[in-house]
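As a plain string of letters, each chain reads:
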Amino acid sequence: MSAKKTMLWALLLTLGVWAFFSWPLPRVVLDGVPSSSTNIEKGNMRRMFQGDHLQLLYNYWLVSDMIAGHTPWFHNLYEFNTGDDADTEYEGLDYWPSVLIFSLGQWLGGRALGWNLMGFISLWMTHLFTWLLLRRFVKSELAAAMLALLAIAFPYRWATLCGGSPTGFEMAWVPVLLWGIDSAIRRGRILGGCVAALGILVPFSNDAHVFFFGFLLIPFWAVFVLLQNEEMQWKSLRAWRRIVVACLPLAVMAVCLLGLSLGVVGDDTAETTVEHGRSLHEVSLFTPVAQGLFEWRGLGHHAAIYIGYVLPLFLIAGVLLHLYLIIRNPRHCWRQTVVYAALLAGIAAIIILALGPGGPRGGFLFVKARKLIPPYEMIRQTGKIFAILPPLMAVAAALSLNAFCAGKAGRPWSFAIPLCFVLLAVPEYKLQIRPTICLLDDQQPAYAAVAADAETRGENPRVIVLPIWPGDSSWASLYEHYVSLYRIRMINGYMPVVSTDYIDDVYHRFETANAGLLDDDQLDNLLARGIRYVLLHEDAFPEKVSYFPVGYTAWRLMNHPRLEFMEQGQNVWAFRILEKGMVKPPALEKWNVFFPCSFASFELEWFEGSEKIVLQDVSASGDHFRRFAVGDPPVAMYQTEHLQAPKGNFSLRQKGHGRLSIRMGLDNGVTNLQEVICDNDAWHWVVVPIGDLSGSRKVRPVIQCEEGSVDLDVAIYSSGTFPEIAAGEPLAVPAALFFHAGYTDRDETAVRFRSDYEPIGGIFYGPKLPLTDGEYAVTVEYETEAADGVDLGSFHLETQGIRSPDFPVVAGAPAQGAWSTRKSNLPFDLVFDYSRNADMMIRNIVFTRTK
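Residues numbered from 1 in each chain as written. Predicted model: local features only at pLDDT ≥ 70, side-chain atom pairs only at ≥ 80, totals over all residues. Heavy atoms only, no water.

1. Structural notes on the sheet that holds strand β1 (residues 32–36)
Next up, step 1: Reading across from one edge, β1-β3-β2 is the order of the 3 strands in this open sheet, with mixed pairing throughout. Every interior strand has two partners, whereas the edge strands, β1 and β2 (45–47), have only one. With direction set aside, neighbouring strand axes in the sheet form an average angle of 35°.
Next up, step 2: Sheet topology note: the β1/strand β3 (residues 436–439) ladder contains 4 bridges and is antiparallel. Paired with P34 across the strands is I437, a residue of β3. (Pairing = 2+ DSSP bridges. Helix = DSSP H or I, 4+ residues; strand = E, 2+ residues; numbered from the N terminus. Axes fitted to C-alpha atoms, helices over the stretch in contact; angles between N-to-C directions.)

Okay, here's the thing in structure tokens:
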């Protein structure tokens, strides 16, 4: 078959596999990019959610923007920019030449098309060069073409291609490398050596994992080709000379890149969080389990290493047939059988290394590899070694096919066997792949407002985006996308490896901003860096960033005398930093209670004490409580960031008869003394205020029993509490005070959910506080434009060991339920599970005490 026909058929076959595996991506190829190969989203798509896909898209866009002349070469101006553009310089030619394909697609139809075109071209290259490689091992052109489909259907390929990893794109260069080495050794062609050199050069600038594992594969593959080549003249000096000359380009390239990589790794990791490599504990967190090799339709990184059943059985059958042929005919070419067995042993070693510390004998092979090959200590995701596996699997399948076809003359066998095999293996692999598509925004009003305001001032827009992270959180990938739309310079960002300077000088300096706390020194520091704006992502605010929901942060920023509210673009709020404070009317006045997060709840039995008495009680939080008796030494709780919370307090659940003294020790040296009286045999709550928080940041309560004996269960830090509720009295809690996705409607103190942005499931919950003992009717006050009868979701209430039924929320009908604190007065949550069937708004949650 001519080269043109081969390329065309490879293109058509790849197009079919791409459409089959990536569906529904072909429907939205201009608007979305894949984000995962194991879907959990309704309809397989959602708009603008965080992940590595957005980070990698940002990086491709950045280099493309350099090509277009909008961004200076070798500068990443738009993240981790601390105020001086010169400090954003970086060395290297990242993402070449892949970014040229991205740039072409972006020019033709936008970023999504650029990304998807790049993915398709990568698959096409993989199939084409695997096909060319397999021609060396099977006589049938059709068999080679069909078996090459394995290389683009292999689940790991789609796990990386859909998971926002450059590995997914750069795996195309593995068969290029293998074909080049084979051509250089088998035919003595210097072109093969040049192609192999290109096959290792491109991954060097694009993906460290493909480069690293491809580099390690070179000597093993070279030996394999030498042994497998039956025409090799082992005693011919001329033959060896041809091979050495042909392989010279690869050898020179490998030596140069080895020297560069060792220097680059050292420079890139110096004074970073991974300067001394990855610990085995860290690696174990990202290591797939062996079950993932065969787990049907698995999830997460375990599913990425799926090899299935059809391919392994085909290879095992090939081994048995090879052995049968040798037994039946001792003169059968035993060398090919040994070479085949060696290839399978190599594949087995790759699979064992992919299991990392979880491999046989406690990961013995992986641990040895880390010791013998120091750069291996930088590998965190052990499954990345699967990047070199697909073409090797295709070669193994080809050698297995030879055993099936041995002694069977005629073309039908060489066509029928691979066809049946592929018709079983490819659909099996497709059933493991359920792509999730992230639809991309092309505008964001709050970011646009910042860019426009800076333009009127004749300045480059510079921002700090909240919540701020240590730099390695995928949540910040959302920020990267939006700043790229307007070329806004951001002091924070997202990278897998972060400098210690960023941690010390930026993250620790400004982390209190996550709670809306920005003092004059912090604001002056930002202004000195040229940073005049603060952006808050309301729907990218998980519990771990603050003791309180995002509403507390928004409330503080809205009422800050040196922050001027500019724009709310649905889920993003924009503020301008002022040189001096100004007097402004109170904002969001109905927001007077701020719920505690999960880690603002402290079990009293956690804390050390020389005479600690811990007793069991199924009605206690965590099934245990702690007894405090007169004469016991004082017990110090954890030091807690109080975040200058208004009406900051600890709610204690207690019973018994006695008196406690609680010393609220602040980090400014002040101690506020509080006294608590307990005279009740039933569990009840008492609110202990912290007192004046001025000039402090942290508080550590110290508890001591002064009289009698008091049992303490749990302490909750919160800002304000619910009032006592009399029978027949309703308590309406604004939805904006709850933990939530979506965005706040400030005029309504409500929360709006958008069916194309918000995830399915429990995206609205709280309050994690107790209610007055009693029976309650619970109403979710909502609005929607959906037709009557549309299922909007459901809500339930839950506390330790108790969960209410699911109460439906259906358009056109009231959403009502019931709850009782009679069995337990522990803190509870109301959880709303959103269906994504329609847009909606929740105004209030109303608790009406009926008894």
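Here the narrative resumes.
2. Description of the side chain of S35
Next up, step 1: Positionally, S35 belongs in strand β1.
Next up, step 2: Residue S35 is classed as buried on the basis of its relative accessible area of 11%.
Next up, step 3: When neighbours within four sequence positions are excluded, S35 is seen to be in contact with F49, H53, C162, G163, T436 and C438. (Buried < 20%, exposed > 50% of the residue type's maximum accessible area, 1.4 Å probe, protein only. Contact = heavy atoms within 4.5 Å.)

3. Notes on the environment of G669
Next up, step 1: Note on placement: G669 falls in the loop between β14 (648–666) and β15 (671–689).
Next up, step 2: Sequence separation of G669 and L15 is 654 residues, and the distance between their C-alpha atoms is 69 Å.

4. Re the pairing of strand β27 (residues 828–834)
Within a regular beta strand, the side chains point alternately toward one face of the sheet and then the other, so they alternate between its two faces.
Next up, step 1: The buried fraction of β27 amounts to 6 of the 7 residues, a majority that puts the element mostly inside the structure.
Next up, step 2: Pairing between strand β21 (residues 761–769) and β27: 7 bridges, direction antiparallel. Bridge assignment links F764 to a residue of β27, and that residue is F832.
Next up, step 3: One ladder, built from 6 bridges, connects strand β23 (residues 791–799) with β27; its direction is antiparallel. In the sheet register, F795 faces β27, and the bridge partner there is F832.

5. A short note on the sheet that holds strand β5 (residues 489–490)
Next up, step 1: Strand order across the open sheet formed by 5 strands is β5-β4-β6-β8-β7, with mixed pairing between neighbours. Bordering the open sheet on either side are β5 and β7 (563–569), each of which pairs with just one other strand.
Next up, step 2: Two strands pair when backbone bridges link them, and strand β4 (residues 462–466) and strand β6 (residues 533–537) are joined in this way by 4 bridges, in the parallel orientation. For V465, the partnering residue across the bridge sits in β6 and is L535.

6. Considerations on the packing of helix α2 (residues 52–68) against helix α21 (residues 477–486)
Next up, step 1: For the pair α2 and α21, interaxial distance at closest approach is 8 Å and the crossing angle is 30°. Taken together, the axes of α2 and α21 lie roughly parallel to each other. Of the two possible hands of crossing, α2 and α21 adopt the one that is left-handed. Of α21, the residues touching α2 (which contributes L54, Q55, L57, Y58 and W61) are S477, L478, E480, H481 and S484. (Parallel < 35°, antiparallel > 145°, perpendicular 65-115°, else oblique. Left-handed = near helix turned anticlockwise from the far one by under 90°.)

7. Describing the packing of aromatic side chains
Two aromatic rings are characterised by how far apart their centres lie and by the angle between their planes.
Next up, step 1: Enumeration over the complete set of coordinates arrives at 59 aromatic pairs.
Next up, step 2: Residues F129 and W179 carry aromatic rings whose centres are separated by 5.9 Å and whose planes lie at 75° to one another, so their mutual orientation is edge-to-face. Placement of F129 in helix α4 (residues 111–134) and of W179 in helix α9 (residues 173–186) is noted, with a sequence separation of 50 residues between them.
Next up, step 3: Exposure remark for W179: the relative accessible area of 12% places this residue in the buried category.
Next up, step 4: Consider the rings of F548 and Y717, whose centres lie 5.7 Å apart with planes at 45°: the pair is tilted. Residue F548 is located in the loop between β6 and α24 (550–558), and its partner Y717 is located in strand β16 (residues 698–719); the two are separated by 169 residues in the primary sequence.
Next up, step 5: Three or more aromatic residues joined by ring pairs make a cluster, and in this case those are Y547, F548, Y552, W555, F594, F599, F602, W606, F607, Y638, F650 and Y717.
Next up, step 6: One Lys or Arg, R361, reaches over the ring of F364 and ends 4.7 Å from the middle of that ring.
Next up, step 7: Over the ring of Y757 we find R754, and its NZ or CZ is 4.1 Å from the ring centre. (Phe/Tyr/Trp six-rings, centres within 6.5 Å; stacked < 30°, edge-to-face > 60°. Lys NZ or Arg CZ within 6 Å of the ring centre and 35° of its normal.)

8. Concerning helix α18 (residues 389–405)
Next up, step 1: Across its 17 residues, α18 extends 24 Å between first and last C-alpha, which sits within 8% of the 24 Å expected from 1.5 Å per residue.
Next up, step 2: In terms of burial, α18 is a largely internal element, 15 of the 17 residues being buried. (Expected span 1.5 Å × (residues − 1).)

9. Comments concerning the packing of helix α16 (residues 334–354) against helix α17 (residues 360–372)
Next up, step 1: Remark: α16 packs on α17, axes separated minimally by 8 Å, with the N-to-C direction vectors making an angle of 100°. Accordingly, the angle class assigned to the pair α16 and α17 is roughly perpendicular. Contacts from A349, I352 and L353 in α16 reach P360, L365, F366 and A369 in α17.
Next up, step 2: Considered class by class, the residues forming the contact of α16 with α17 number 7 nonpolar, no polar and no charged. (Nonpolar A, V, L, I, M, F, W, Y, C, P; charged D, E, K, R; others polar.)

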